[in-house]
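Structural features, examined
Chain by chain, the residues:
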Amino acid sequence: MQVTATIIAYFHTCLRKMYLHHHGIRMEHTSDVVYEGKLIGESTYEDRAAKNTQLELDGIKIDYYDAKTKTVHETKKSDKMEHAHEAQVLYYLYVLQRNGIEGASGIIEYPTLRQRKHIDFDPERDVPIIEGWLQEIEQILEQEQCPPVINKSICKSCSYYDYCYVAEEIEN
Ligand code: SF4
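Naming follows an unreviewed UniProt entry, where the chain appears as CRISPR-associated protein Cas4 of Haliscomenobacter hydrossis.

Next up, the structure:
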């Protein structure tokens, strides 16, 4: 199974969201938060497009990769889901390494917060961790039952909120 970076990020956010997304239930297009995040990414790198290339490998798409410095650039709106952002970039670095690009690193930028975070990839430390994620992801995605709602504060800003809660309330 080809695992996308979105699946990795959702694995670290909500298993239900990961499952729904994988099984073709997509709600991201309905979300202002997702749209704003995209806009911030595009405007931040407007003037950097010449230095960066877009890379597509094994089901992942890296929008901004600086081949000269072997750096993946990822822009995010807020650092609320920082661990999911880090996992996503780490997964990019893992896929790059698997395709012969050794020694790449990542930078996550939060332009609205004026912050940036460097992500280093240590194959000895990170490959077993990521391969553990992949095994777990495969098991969850193959289950017949969708994981339950998580009832966390992140649900309020999730593009699947109506799907998870409003439909349920109507049914009850
Ligand atoms: S609304 Fe909550 S339970 Fe539903 S997919 Fe989003 S984060 Fe998961």
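So that's the structure; there's more coming.
Some thoughts on the overall build of the chain
For the chain, the helix and strand inventory stands at six helices and five strands. Start at the N end of the chain and walk to the C end: the helices and strands fall as α-α-α-β-β-β-α-β-β-α-α. For the chain, the proportion of its 172 residues judged to be buried stands at 40%. In the chain, of all internal contacts separated by at least 6 residues, the share reaching a separation of at least 24 is 66%. About 10300 Å² of surface is accessible on the chain, with carbon and sulfur atoms providing 48% of the total.

Considerations on the site of the ligand
Inspection of the region around the ligand gives Cys14, Arg16, Lys17, Val149, Ile150, Cys155, Cys158, Tyr160, Tyr161, Cys164 and Tyr165 as its neighbouring residues. Top contributing element to the shell around the ligand by residue count: helix H6 (residues 161-171), with three residues.

Notes on the packing of aromatic side chains
Tallied over the full model, the rule gives two aromatic pairs. Relative to tyrosine 94, the ring of tyrosine 91 lies with its centre 5.9 Å away and its plane at 25 degrees, an arrangement referred to as stacked. Placement of the pair is tyrosine 91 and tyrosine 94 together in helix H4 (residues 82-98), with a separation of three residues, close to one helical turn. For tyrosine 91, a relative accessible area of 2% translates into the label buried. On the accessibility criterion, tyrosine 94 (4% relative accessible area) is buried.

Rules used throughout
Residues numbered from 1 in each chain as written. Predicted model: local features only at pLDDT ≥ 70, side-chain atom pairs only at ≥ 80, totals over all residues. Heavy atoms only, no water. Helix = DSSP H or I, 4+ residues; strand = E, 2+ residues; numbered from the N terminus. Buried < 20%, exposed > 50% of the residue type's maximum accessible area, 1.4 Å probe, protein only. Contact = heavy atoms within 4.5 Å. Areas by Shrake-Rupley, 256 points an atom, 1.4 Å probe, with all protein chains shown as cover. Near = heavy atom within 4 Å. Phe/Tyr/Trp six-rings, centres within 6.5 Å; stacked < 30°, edge-to-face > 60°.

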